[in-house]
Amino acid sequence: MIIFQSLPTIMMIVAPILITAIGGMICERSGVVNIALEGLMSIGACTAASVHYLMEAAGCGRYSLAVALISGMVVSGLFSLVHGFAAIDLKAEQTISGTGINLLADGITVFACQILFSADRSKEFRVGMLTDRLGFYPTFYIAIAVVAFSWFMLYKTPFGMHLRACGEHPAAADSAGINVRKIRYTGVLISGLLGGLAGGCVVLTQTIQFTSNLINGRGFIALAAVAFGRWTPWGVTGAALLFGGAQALAVLSTNFSALKALPSEVFNILPYLVTLLALVIFSGRDYAPQSCGKPYNKSSS
């Protein structure tokens, strides 16, 4: 009974991880590894919190939540194009490029807060997202829509077929007239948009302001969910539920008398421990797209 009562809380925590993981999956399906998911979530969260607070203070609170989420998506999407430019046009090492975005996000979000609020964090807004009659936040339904959209796009549209081809055999896709560069840029942009959306979902449901440690590894957990989910929408959904559920247990542990005696630190490390164990236990056959992480050089194909 407690599990069912806790379901809205679990889904509140799972939804941003799932949304980010779907974006990472689409990006890697196109052939580009995006380790920058953590930083993109942080940028989206900072933007969403700042826009929502400023609009709320200006008396425009009626539309501020939607505008905040869209703003987080746009700004994060623009930053993702920096990674795309380095990985696709400059053919840089994608791991290093993504790490650079993560480091940039750590600094630029605090810098933005210093400019806007004269502090290392945003000011507290009054009201975030509200739950429905079932206790679910809108982010739960957004996550379901993102998963359904990704499945339909990947397997039921010509664009999805082209995107998967660019991640598997870019030279063959190129010879068939598919613009590999354009497809990969689109994949990176989608991951940035969804990462920013997820960051906004975190800050507007789980807290009342942006802080530099708000995301706290959620982007990396989402990245692990992509691999554990074997780069498929339903697999990634299951992995996000597992990892997000482990993270939710840290919040819900006080509801179980048998768990109250354990130190809180046990539950703080649990999601990362579960992530590592799952990847180790179920590692084996490589399900990643064959050309994932490999720059495509048209002249050498």
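Residues numbered from 1 in each chain as written. Predicted model: local features only at pLDDT ≥ 70, side-chain atom pairs only at ≥ 80, totals over all residues. Heavy atoms only, no water.

Student: Explain the layout of surface pockets to me, please; I cannot follow it from the model alone.
Tutor: Where empty space is left can be seen by rolling a probe of water-molecule size over the atoms. Taken as a whole, the largest pocket encloses approximately 220 Å³ of empty space. Around the largest pocket sit 13 residues that line it, and Gln206, Leu214, Asn216, Arg218 and Gln247 are the ones nearest its centre. Looking at the lining of the largest pocket, its residues break down into six nonpolar, six polar and one charged. (1 Å grid on protein atoms, 1.4 Å probe; cavity = no way out; pocket = protein on both sides within 12 Å on 5 of 7 lines; lining within 4 Å. Points joined across faces, edges and corners; volume = space filled by probe spheres on them. Nonpolar A, V, L, I, M, F, W, Y, C, P; charged D, E, K, R; others polar.)

Student: Just checking my understanding: could you explain the side chain of Arg218 for this structure?
Tutor: Locating Arg218 in the fold gives a position in helix H9 (residues 218–228). Sequence-distant contacts of Arg218, defined by excluding residues within four places in its chain, comprise Ile17, Glu38, Met41, Val202, Gln206 and Gln247. (Helix = DSSP H or I, 4+ residues; strand = E, 2+ residues; numbered from the N terminus. Contact = heavy atoms within 4.5 Å.)

Student: Hey, could you run me through helix H5 (residues 138–156) in this one?
Tutor: It helps to recall that an α-helix has 3.6 residues per turn; residues three or four apart then point in one direction. The end-to-end C-alpha distance of H5, which contains 19 residues, comes to 26 Å, matching closely the 27 Å that a straight helix rising 1.5 Å per residue would cover. Listing the buried residues of H5 in full gives Thr139, Phe140, Ala143, Val146, Val147, Ser150, Met153 and Leu154. Considered in projection along H5, the buried side chains sweep an arc of 165° and stay on one side of the axis. (Expected span 1.5 Å × (residues − 1). Buried < 20%, exposed > 50% of the residue type's maximum accessible area, 1.4 Å probe, protein only. Arc of directions from axis to C-beta.)

Student: Can you help me understand the nonpolar core in this one?
Tutor: The nonpolar side chains of a soluble globular protein tend to be buried with one another. One finds Ile19, Ile22, Val203 and Phe210 to be the most contacted residues of the largest nonpolar core, which totals 65 residues. Sorting elements by how many residues they give to this core places helix H1 (residues 2–29) first, with 13 residues. Once residues within four sequence positions are removed from consideration, Phe210 is found in contact with Ser42, Ala45, Cys46, Ala49, Thr109, Cys113, Arg121, Ser122 and Val203. (Core = buried A, V, L, I, M, F, W, Y, C linked by side-chain atoms within 4.5 Å.)

Student: Would you take a moment to explain the pattern of salt bridges for this structure?
Tutor: Side chains bearing opposite charge may pair, as long as their charged atoms lie close to each other. Within the structure shown, the criterion is met by two salt bridges. As a salt-bridge pair, Arg181 and Asp89 come within 2.8 Å of each other at their nearest N and O atoms. Linking Arg181 in helix H8 (residues 180–205) with Asp89 in helix H3 (residues 61–89), this pair joins segments that are 92 residues apart in sequence. A relative accessible area of 26% places Asp89 in the partly exposed class. One salt bridge in this structure joins Asp120 and Arg121, with 3.4 Å as the shortest N-O distance. (Salt bridge = Lys/Arg side-chain N within 4 Å of Asp/Glu carboxyl O.)

Student: Would you take a moment to explain the packing of helix H2 (residues 37–57) against helix H4 (residues 94–117) for this structure?
Tutor: Helix packing for two helices is described by the angle between their axes and how far apart those axes are. Interhelical geometry of H2 versus H4 gives an angle of 15° and a closest axis separation of 7 Å. As summarised for this structure, H2 and H4 are arranged roughly parallel, according to the angle between their axes. Crossing hand, H2 versus H4: left-handed. For the pair H2 and H4, contact is made by Leu37, Glu38, Gly39, Leu40, Ser42, Ile43, Cys46, Ser50, Tyr53 and Leu54 and by Ile101, Asn102, Ala105, Thr109, Cys113, Leu116 and Phe117, respectively. For the contact of H2 with H4, the class distribution of residues is eleven nonpolar, five polar and one charged. (Axes fitted to C-alpha atoms, helices over the stretch in contact; angles between N-to-C directions. Parallel < 35°, antiparallel > 145°, perpendicular 65-115°, else oblique. Left-handed = near helix turned anticlockwise from the far one by under 90°.)

Student: Before we go on, may I ask you to explain the environment of Ala176 in this structure?
Tutor: Along the chain, the position of Ala176 falls in the loop between helix H7 (170–175) and H8. Put simply, Ala176 and His162 are 14 residues apart on the chain and 9.8 Å apart in space, counted from C-alpha to C-alpha.

Student: Explain H3 to me, please; I cannot follow it from the model alone.
Tutor: With 29 residues, H3 extends 41 Å between its outermost C-alpha atoms, agreeing within 8% with the 42 Å of an ideal straight helix rising 1.5 Å per residue. Helix geometry: H3 is bent most strongly at Val67, by close to 25°. Lys91 sits one or two residues past H3 and shows a positive phi near 55°. (Bend = angle between axes of the 7 residues up to and from the residue.)

Student: I would appreciate a short explanation of the state of the cysteines in the present structure.
Tutor: Each disulfide consists of one covalent bond between the sulfur atoms belonging to two cysteines. On inspection of all chains with the given rule, the structure shows zero disulfides. This cysteine, Cys27, is not joined by any disulfide, and Cys292 carries the nearest cysteine sulfur, 7.8 Å off. We classify Cys27 as buried; its relative accessible area is 0%. (Disulfide = S-S within 2.5 Å.)

Student: I would appreciate a short explanation of unusual backbone geometry in the present structure.
Tutor: A negative phi angle characterises most non-glycine residues, just as the trans form characterises most peptide bonds. The phi angle at Lys91 is positive, at roughly 55°, despite the residue not being glycine. Looking at the element boundaries, Lys91 is found in the loop between H3 and H4. Despite not being glycine, Asn216 shows a phi value in the positive range, around 50°.

Student: When you look at the environment of Phe220 in this model, what are you seeing that I'm missing?
Tutor: Tracing the chain through its elements places Phe220 in helix H9. By relative accessible area, which is 43% here, Phe220 ends up partly exposed. Sequence-wise, Phe220 and Leu37 are 183 residues apart; in three dimensions their C-alpha atoms are separated by 7.0 Å. When sequence neighbours within four positions are dropped, the list of residues in contact with Phe220 reads Ile35, Glu38 and Asn102.

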